[in-house]
Structure formats: structure tokens, C-alpha cells
Amino acid sequence: MSLKDGNAYKESLKTLNHNVFAFGEKIENVVDHPLFSPHIKAAALTYDLAHDPSTEDLVTAISHLTGKKINRFTHIHQSTEDLVKKVKMLRMIAGKTGSCFQRCVGFDALNATYSVTYEMDEELGTDYHQRFRNYLEYIQDNDLMVAGAMTDPKGDRGLSPGNQKDPDMYVHIVEKNDKGIVIRGAKVHQTGIVNSHEMLVMPTIALGEGDKAYAVACALPTDAPGVVHIFGRQTNDERRLEGGEIDQGNAKYGTVGGEALTVLENVFVPWERVFMCEEYQFAGLLVERFASYHRQNYGGCKAGVSDVIIGATTAMAEYNGVAKASHVRDKIVEMVHLTETLYCGSIACSCEGAPTPSGAYFVNPLLANTVKQNVTRFIYEISRLSHDVSGGCIATLPSEKDLRHPEIGKYVEKYFKGVDSAPAEDRIRMARLVENMTGGTALVESMHGAGSPQAQRVMILRQANLGRKVKLAEKLAGIKPPKS
Ligand SMILES: Cc1cc2nc3c(=O)[nH]c(=O)nc-3n(C[C@H](O)[C@H](O)[C@H](O)COP(=O)(O)OP(=O)(O)OC[C@H]3O[C@@H](n4cnc5c(N)ncnc54)[C@H](O)[C@@H]3O)c2cc1C
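- Looking at an unreviewed UniProt entry, one finds the protein named Vinylacetyl-CoA delta-isomerase /4-hydroxybutyryl-CoA dehydratase, with Geothermobacter ehrlichii as its source organism.

Shown next as C-alpha cells:
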């Protein structure tokens, strides 16, 4: 099958029979629904750009399984060049959407599961890797969008999965039979899942022997029987239902990815789609590998999003007549500096990547975790600077309906005008874009997406090799190692 374009992707979603709820209603057609369509357009762009001669080098790759041209979002990294191209692709697409286009989670889940199943088989004599390769070929050949389903609801965070009062707080295996397994529980914050074809389930945390029922990795269609998706609310999402476009800020592509709570109510998964079944010893490795790939992304996509925020902030400074003020220029420089620092980290962790035993390339995990740690701070600072320069109107503007109103529209236009050369509507549109990209849901994604800050600090400490650093210091200080 050939590479899908955006339209073919959207049409393919219409054939899904999935169980999606939003605002207390069952949604029959997510593709044409105003709540979902911005997210779907963002994902569709990842399909269209594979056909654009100016972007196809980044957005396509050659499958190492089949030798066919595939969408990069279904590719297994074969070199550090592939890792670098991933980051460049994410920045390029985010610059066009100004929001999340959702496909990196599944991309990272595919890469992590690929290498970890290989290592499991080597150590345990299982046959998960070949199963996974068959699944991957199916995904690549049909150019499918895969959601990466890691995060469990977790209930009481102070208790392990098996000690929760409600066992469903982590996805677990409730039955094994000759045909497959039955799983139960839920995954939360699932980016793009209502417009994905498949979901790849992974454990959330490292597990001990007592929790082996929770050691499960498997793939299932998003419309499998027993799967229910409950779409999450976002800041100002009801503006999509009002008609008009200015008040949405980014009417075409929305905010963040469109996340859902996905309930798995006794879902059957055939053995050919099961890639971990009780091998608790490998849960931690799968989590860490996925997390590092995912943290690599953030200096790519967030740099692309920041490019748009910097552009919007610069434009606001011009509309306000303050673009030449030295403090404003300095704040814009700081925004650029923070953005490029994020990008440097993502490029560096890619260049410093190395092959895993499976042959798939993995990022440098210390640098990848450092990037994501920076994102939890820098995007907040970039947004703060944007708020500073743009002015209070990003929080107080009247609605588009007031702007268009026959009686009072003239006042909105008159009193929200800045410099004479720019129409008031341009200033209002840009202010709404800043509002959309720098507040609420958009900010929280930078904090918790790909794991909360402490999760990165744990990985940073583990990777930091403090012993080597102590030895460097001891040598210079003239401290002799103890005689053995
Ligand atoms: C916009 C967005 C998109 C996302 N997309 C996806 C996705 O596509 N797929 C997916 O699988 N996940 C996704 N996530 C989930 C993301 O990985 C989680 O939000 C993140 O791992 C944090 O988990 P949590 O939200 O349950 O917060 P919590 O784990 O509750 O964290 C809250 C605080 O509690 C602390 N904490 C948690 N547990 C402990 C503990 N045991 N001891 C001490 N402190 C603790 C944390 O460090 C943090 O400071 C997404 C999240 C967001 C916000």
C-alpha cells in the first residue's frame, strides 16, 4: 500500500467504529466534529508533508524491514542521522501547526518496543521481537497512526500497582488463554488516540515480581471491543463550538494534541499482538527507553512551537509600537536563546546516539532527559516573556462577535488598534494566537508530557556517572586512590 496523504488518513478514520465520548455525548464522526477537527488536521499534515518535495526527505524514510518508502513516524531509527532527522522534522512541522501533531508518542513506542523485545528474547528465549516486526510491517505498509499508551491512572502514587485498593489503577492482565490475553484498566492523557488507528500499550513504571500481572505490552485497534475513549477538555475549547475563528487563536490546528482517558474494559488481545506478558524484569527498561526517545523530541517540537511564539511576540511588539525598545529586543533575544538551547540539546542527544543490540539506534539518555528538564522551565519563561511584551489585551480582549457587531464593533476596532499601519483585526488575531499558545493546557504539556520533572532528575542522576567525576577531581587534587 502506498503512503497516505492527509485526505486518505481522514477517510481511513471514518471507517473506525470507535467509542468516543465528549461533553457527555457519544461522537459518531470525530473527523468533521469541530472539537476534534483541529487535532485531526494537525495529524493529517504529517501525512501530507510526506508527499511534499520540500519536506519528504525529513518526513519519509526507507523501511529496514521491506526496503519500501514509509512515513518516518513509523520508522525504526537506523543511524544517528535518522535521530537527527526526527528532531528536525518535529521542529519543522511544529512551526507549521503551532501545536502538537500527536504522532511522536506512537513513533517512540514503536522504537522502544522494537529494541526491548529483541533484548527480552535474547535473555529469556521468548519470541516477542519477530511478532513485533510483523506488527511493525503491518503498520508501515498501511501507514497507520499509532497512539503511545503508557500512562496509567496510578491511583495512590505512594502504593505499587498490586497494592492499590482498586487493581484497575494500572492496566493488568486478567486472563490468559490459548488465543491471547484479556487486559483491564485505563490509560490517561492519551494524545491523539481518538484519531489514531492503533494503540501500543506499555507499562508505566518499573515492576517487581509481585506486580507481574501489570507487565504487559501489546497493540490493539483503537476501536477494539471494550475500548472507550473519553475526550479531555482544554483551555477555551468551547470557543470551537461558537463558530468564528479569531477567538480560538489557532483555529486550524488547535492546542496541544487532544488527549483522552481511554478505558480498557476486559479487552481481548491476540497473542500475535502481545509483546510482553508478565516479564516484569523488562518493564523498567521499556519505560526508560520510551521516555528517553520521547524526551528527545521536546527540543524539536517545542522549538518549532516557540518559533511561532517568538514570531507572534515580535509582531505584537510591532503592532504596539515598541519593537525598537531595547528591553523588548532583549526579551526577544532571550526567547530565541532559550529556544535554541532546547534545540541544541535535542540535536546533541541524537548525534550522541548509539545502536542497541537490535541494531535500532537509541539517543543519549542523559542529554535527552536534560532537554526535557529544560523544557519544563524554558517554555514557561518563553511564555512569560511573550506575555510581558504582548500586553494585557491577550487576557482581556472582547470576542470576535463584538468585533463584528454592527453597533459596538467600531469601538472594539478603534480602541484595540495599535500603530496606524496595522489593522486592529491583525493585532487582535495575533493576541489570540499568543493567548492560545502560552497559557493553560499548552503550558502544562511542557511540564508533564513525557514525564514530570522529577522523572527526568532520577534519570539524570542515574546517567551522570558521579563516580567518574569524583575520580577526575581526586586526580587533580592529588588524592591517591586507596591501595587494594
Ligand atoms: C498534554 C499531555 C499529553 C500527554 N500525552 C501522553 C500520551 O500520549 N501517552 C501517555 O502515555 N501519556 C501521556 N501524558 C502523560 C504524562 O506522561 C504524565 O502526565 C506524566 O507522566 C505525569 O503523570 P501524572 O499526570 O499522573 O502526574 P503525577 O504522576 O501525579 O505527578 C504529579 C506530581 O507528583 C509527583 N509524584 C508522582 N508519583 C510520585 C511518587 N510515587 N513519589 C513521589 N512523588 C511522586 C511527580 O513527580 C509530580 O511532581 C501526557 C500528559 C500531558 C499533560
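**Concerning the packing of aromatic side chains**
Alright, step 1. For the structure on display, the rule yields 11 aromatic pairs.
Alright, step 2. Relative to Phe-275, the ring of Phe-132 lies with its centre 5.0 Å away and its plane at 90 degrees, an arrangement referred to as edge-to-face. Of this pair, Phe-132 sits in helix 6 (residues 128–142) while Phe-275 is found in strand 12 (residues 274–277), placing the two residues 143 residues apart along the sequence.
Alright, step 3. A connected cluster of aromatic rings, assembled from ring pairs, spans Tyr-114, Phe-132, Tyr-135, Tyr-138 and Phe-275.
Alright, step 4. Over the ring of Tyr-47 we find Arg-103; its NZ or CZ atom is 4.2 Å from the centre of that ring.

**Brief notes about the environment of Ala-213**
Alright, step 1. You can see Ala-213 is positioned in the loop between strand 8 (198–201) and strand 9 (216–221).
Alright, step 2. Its relative accessible area of 28% is what places Ala-213 among the partly exposed residues.
Alright, step 3. Placed 99 residues apart in sequence, Ala-213 and Ala-312 show a C-alpha to C-alpha distance of 49 Å.

**Some words on the nonpolar core**
Alright, step 1. If you look at the biggest cluster of nonpolar residues, it comprises 130 residues, and the most contacted ones within it are Phe-36, Ile-183 and Leu-220.
Alright, step 2. If one sorts the elements of this core by residue count, helix 7 (residues 283–320) sits on top with 16 residues.
Alright, step 3. Counting the residues that make up this core, at least three belong to each of domain 1 (6–279) and domain 2 (286–467).
Alright, step 4. Those residues in contact with Ile-183 that lie beyond four places of it in its chain are Val-171, His-172, Ile-173, Val-174, Val-216, Cys-218, Leu-220, Leu-264, Glu-265, Asn-266, Val-267 and Val-269.
Alright, step 5. If you look at the next biggest cluster of nonpolar residues, it comprises five residues, including Val-87, Ala-303, Tyr-343 and Ile-347.

**Digging into the packing of helix 2 (residues 37–48) against helix 4 (residues 80–97)**
For any two helices packed against each other, one specifies the inter-axial angle together with the distance between the axes.
Alright, step 1. Where helix 2 contacts helix 4, the two axes come as close as 11 Å, and the packing angle between them is 135 degrees. Our classification of the angle between helix 2 and helix 4 gives oblique. As for how helix 2 packs across helix 4, the hand of that crossing is right-handed. Along its contact with helix 2, which presents Ala-42, Leu-45 and Thr-46, the element helix 4 presents Ile-93, Lys-96 and Thr-97.
Alright, step 2. Class assignment for the residues of the contact of helix 2 with helix 4 results in three nonpolar, two polar and one charged.

**Some remarks on the domain arrangement of the protein**
Alright, step 1. For the protein, the assigned domains read domain 1 (6–279) and domain 2 (286–467).
Alright, step 2. Taking the mean C-alpha position of each, domain 1 and domain 2 sit 24 Å from one another.
Alright, step 3. Listed per partner, the contact involves 52 residues of domain 1 and 49 residues of domain 2.
Alright, step 4. Buried surface at the junction of domain 1 and domain 2, summed over both partners, amounts to about 4100 Å²; 65% is from carbon and sulfur atoms.
Alright, step 5. Of all residues in domain 1, the largest losses of buried area upon contact with domain 2 belong to Val-87, Arg-91 and Ile-246, amounting jointly to 19% of the total for that side.
Alright, step 6. Scanning the region where domain 1 abuts domain 2 turns up six salt bridges.
Alright, step 7. We note a salt bridge from Glu-119 to Arg-289, for which the minimum N-O separation is 2.6 Å.
Alright, step 8. Of all the secondary structure elements, the ones that give two or more residues to the side of domain 1 that touches domain 2 are helix 4 and helix 5 (104–124).
Alright, step 9. For the side of domain 1 that touches domain 2, the element with the most residues is helix 5, which contributes 13 residues.
Alright, step 10. Across the side of domain 1 that touches domain 2, the residue classes tally to 22 nonpolar, 20 polar and 10 charged.

**So, the side chain of Thr-255**
Alright, step 1. You can see Thr-255 is positioned in the loop between strand 10 (227–231) and strand 11 (259–270).
Alright, step 2. Within the structure, Thr-255 has its side chain in polar contact with the side chain of Asn-436 (distance 3.0 Å).
Alright, step 3. Excluding residues within four positions of it along the chain, Thr-255 makes contact with His-39, Ser-99, Gln-234, Arg-240, Asn-436, Thr-441 and Ala-442.

**Looking at helix 13 (residues 424–438)**
Alright, step 1. The end-to-end C-alpha distance of helix 13 is 21 Å, a good match for the 21 Å that 15 residues give at a rise of 1.5 Å each.
Alright, step 2. All of the buried residues along helix 13 are Ala-424, Arg-427, Ile-428, Ala-431, Arg-432, Leu-433, Val-434, Glu-435, Asn-436, Met-437 and Thr-438.
Alright, step 3. If you follow the buried residues of helix 13, they end up packed against helix 7, helix 9 (365–390), helix 10 (393–396), helix 11 (400–404), helix 12 (409–415) and helix 14 (440–448).
Alright, step 4. Of the residues flanking the end of helix 13, it is Gly-440, one or two places downstream, whose phi is positive at about 45 degrees.

**With respect to unusual backbone geometry**
Leave glycine aside and you will find that most residues have negative phi; peptide bonds, for their part, are mostly trans.
Alright, step 1. In this structure, Lys-154 takes a positive phi of about 75 degrees despite not being glycine.
Alright, step 2. Mapped onto the secondary structure, Lys-154 falls in the loop between strand 5 (146–149) and strand 6 (172–176).
Alright, step 3. For Asn-266, which is not a glycine, the phi torsion comes out positive at approximately 55 degrees.
Alright, step 4. The topology assignment puts Asn-266 in strand 11.

What counts and what doesn't
Residues numbered from 1 in each chain as written. Predicted model: local features only at pLDDT ≥ 70, side-chain atom pairs only at ≥ 80, totals over all residues. Heavy atoms only, no water. Phe/Tyr/Trp six-rings, centres within 6.5 Å; stacked < 30°, edge-to-face > 60°. Helix = DSSP H or I, 4+ residues; strand = E, 2+ residues; numbered from the N terminus. Lys NZ or Arg CZ within 6 Å of the ring centre and 35° of its normal. Buried < 20%, exposed > 50% of the residue type's maximum accessible area, 1.4 Å probe, protein only. Core = buried A, V, L, I, M, F, W, Y, C linked by side-chain atoms within 4.5 Å. Domains from an automatic or database assignment. Contact = heavy atoms within 4.5 Å. Axes fitted to C-alpha atoms, helices over the stretch in contact; angles between N-to-C directions. Parallel < 35°, antiparallel > 145°, perpendicular 65-115°, else oblique. Left-handed = near helix turned anticlockwise from the far one by under 90°. Nonpolar A, V, L, I, M, F, W, Y, C, P; charged D, E, K, R; others polar. Buried area = accessible area lost by both parts, 1.4 Å probe. Salt bridge = Lys/Arg side-chain N within 4 Å of Asp/Glu carboxyl O. Polar contact = N/O pair within 3.5 Å; in protein donor to acceptor, adjacent residues only side chain to side chain. Expected span 1.5 Å × (residues − 1).

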